[in-house]
Every structure is written in structure tokens, then in C-alpha cells.
Amino acid sequence: MAQSPHNRKRPDAVAFPKDEPMENDENLLLDTVYFRGNSERTTNGTNLALGCLENQVMSFEDQNSTITRRSRLREHYPFKLEFRCRWNDNDMYGHMNNANYFLYIDSIINTYLIEECGLRPQQIFRSEIQSGLTVGLVVSSFCNYYSSVAFPSVLELGLRVTKLGTSSVTYEVGIFEEGIAPVKAVGGYTHVFVKGQSMGVGKPEVCPMENMTRVGLSKLQFSNEDNLYSIWNSRL
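The following paragraphs examine the structure supplied in this document. Computed from a prediction, not measured in an experiment: that's the story for all the values here.

### Things to note about the overall build of the protein
And step 1. Assigned secondary structure in the protein consists of five helices and seven strands.
And step 2. In the protein, the succession of helices and strands from N to C terminus is α-β-β-α-β-α-α-β-β-β-β-α.
And step 3. A separation threshold of at least 6 residues defines the contact pool for the protein, and within that pool the share at least 24 residues apart is 71%.
And step 4. With the model as given, the accessible surface of the protein reaches about 12600 Å², and the carbon-plus-sulfur share is 51%.

The following block contains the structure:
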């Protein structure tokens, strides 16, 4: 008798072996978002609880975070930008509100995509999307907060890639304060690339990212000798 997906034991931390990547992981990530609110879905004939999918995605994320993120240094990030906190970043407690960190995370990621990966946001009109343009959709995001910042501090942001697949990429952004060594926060998100012409007509169709995008993102991968910051990089 098949075991109900709701009664299955939560899996241990999911490790993705270097030469055995998780099958169709971009589709699973996209489905986790697309089917949010549903109790279960079917993949390859097997019923999976949405909670199980989310647990698997988060297990990999936790594995990457618990040991290393608090120890991030500026030199762990190949691409860097500075931003001055804005007056309206501060909340009633006198520090930058937690939601505003994502504005800076989004800004450095999209700056890099425009400058190094050929992203053309000013040209993304419906006619181009329908003609075959690929679009990166955010399917998950995170931010770990270690110490607060506030206006008028200058933030030093660093960007790197922690996972580069055929159709998805996971970014990590370290947020530092000018003149202070320890990292203030570490956040990021995952893009899954889809065919623009499939948007708005059901679940978007996952597709490989464009070559220029891949070449640019590959420059952001980082590793060091003791493997504490090793990058899962099985599909290059």
C-alpha cells in the first residue's frame, strides 16, 4: 500500500552530488511557486505534497547557510557595488527595515545582469516576449540578518553565484557597512529561466538560459581551498 505523501518522514538535508544533479530541479522549483496553495501535485506519476517539495528546496539552502554565511568576507564576492542608505529606509526602530534589504539585493543582481549578461529591461515589451525572449523568474528568496544598518551609512554589496544550472541560477549577496569588517546580512534569490511566449498561458515553460547570460554568470562562481565556500557546479 502506497504511503501517503503527508505521512512521509521529512528528508534529511538534501545533498546534490557533483556528478548526479537533482533531476528536473528547475521544474520542481518553479512548480513549488506555481502550485503554492495546493495541497499536492503530480510529478512523473508520483503524488508529492507541496510541503515536501519546499522542504527539499530549503534543505539544500540550509546546508549552504548554517556553517558559512555568517563568516562571509568582502573577498568572497567577485562583483561589488556601493549604495548609500536612504532616509526612508529607516523604520520606527531607527534602523533599515528588513524588507528594504531586498531592494538592494535586487539592485546589484540586475545591475550585473544588465552590464555583463545582456539583460535589456528597456526593450522587454510584449512583442519581444512573444517572439521567444527568455525571462528569469524569481522562485525563492532569502535573507539572513546579523547586525543592523541605518541611514546615512554606506553599504558595500558583494555578489556571487552559488549554483549555476542549465535553466536556473542562485545568487548570493553579502551586505557590508563601510568601515566595518563583519557582514551585516547575507541574502539572495533563485532565478528560473522560462520562455517568454509561455507566460500568461498557464505554467511558464522552463528553458535553458541564453549563452551570454551563462557566460556572465559563470564569472561569479567562487570557491576556496578548504571547500567551505565550494560552489555546486556540476552542469557547466
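Once the structure has been displayed, the description carries forward.
### Notes on the nonpolar core
And step 1. Within the largest apolar cluster, 28 residues are counted, with the highest numbers of intra-cluster contacts made by Ile109, Leu155, Leu159, Tyr171, Val173, Ile175 and Leu217.
And step 2. Every element with two or more residues in this core is listed here: α3 (101-116), β5 (154-164), β6 (168-177) and β7 (185-195).
And step 3. At seven residues, α3 tops the list of elements feeding residues into this core.
And step 4. Not counting residues up to four positions away in its chain, the partners in contact with Val173 are Tyr77, Ile105, Ile108, Ile109, Leu157, Gly158, Leu159, Ala185, Val186 and Gly187.

### Considerations on the environment of Ile109
And step 1. Structurally, Ile109 is set in helix α3.
And step 2. Separated by 30 residues in sequence, Ile109 and Phe79 have C-alpha atoms that sit 9.5 Å apart.
And step 3. Ignoring any residue separated from it by four or fewer positions in sequence, one finds Ile109 in contact with Leu159, Tyr171, Val173 and Tyr189.

### Description of the packing of α3 against helix α5 (residues 211-218)
And step 1. Following both chains from N to C, one finds α3 and α5 inclined at 120°, their axes separated by 9 Å at the closest point. One element, α3, and the other, α5, form an angle in the oblique class. Seen from above, α3 lies across α5 with right-handed handedness. Side by side, α3 and α5 meet where Tyr112, Leu113 and Glu116 of the first sit next to Met212, Gly216 and Leu217 of the second.
And step 2. Split into classes, the residues belonging to the contact of α3 with α5 amount to four nonpolar, one polar and one charged.

What counts as what
- Residues numbered from 1 in each chain as written.
- Predicted model: local features only at pLDDT ≥ 70, side-chain atom pairs only at ≥ 80, totals over all residues.
- Heavy atoms only, no water.
- Helix = DSSP H or I, 4+ residues; strand = E, 2+ residues; numbered from the N terminus.
- Contact = heavy atoms within 4.5 Å.
- Areas by Shrake-Rupley, 256 points an atom, 1.4 Å probe, with all protein chains shown as cover.
- Core = buried A, V, L, I, M, F, W, Y, C linked by side-chain atoms within 4.5 Å.
- Buried < 20%, exposed > 50% of the residue type's maximum accessible area, 1.4 Å probe, protein only.
- Axes fitted to C-alpha atoms, helices over the stretch in contact; angles between N-to-C directions.
- Parallel < 35°, antiparallel > 145°, perpendicular 65-115°, else oblique.
- Left-handed = near helix turned anticlockwise from the far one by under 90°.
- Nonpolar A, V, L, I, M, F, W, Y, C, P; charged D, E, K, R; others polar.

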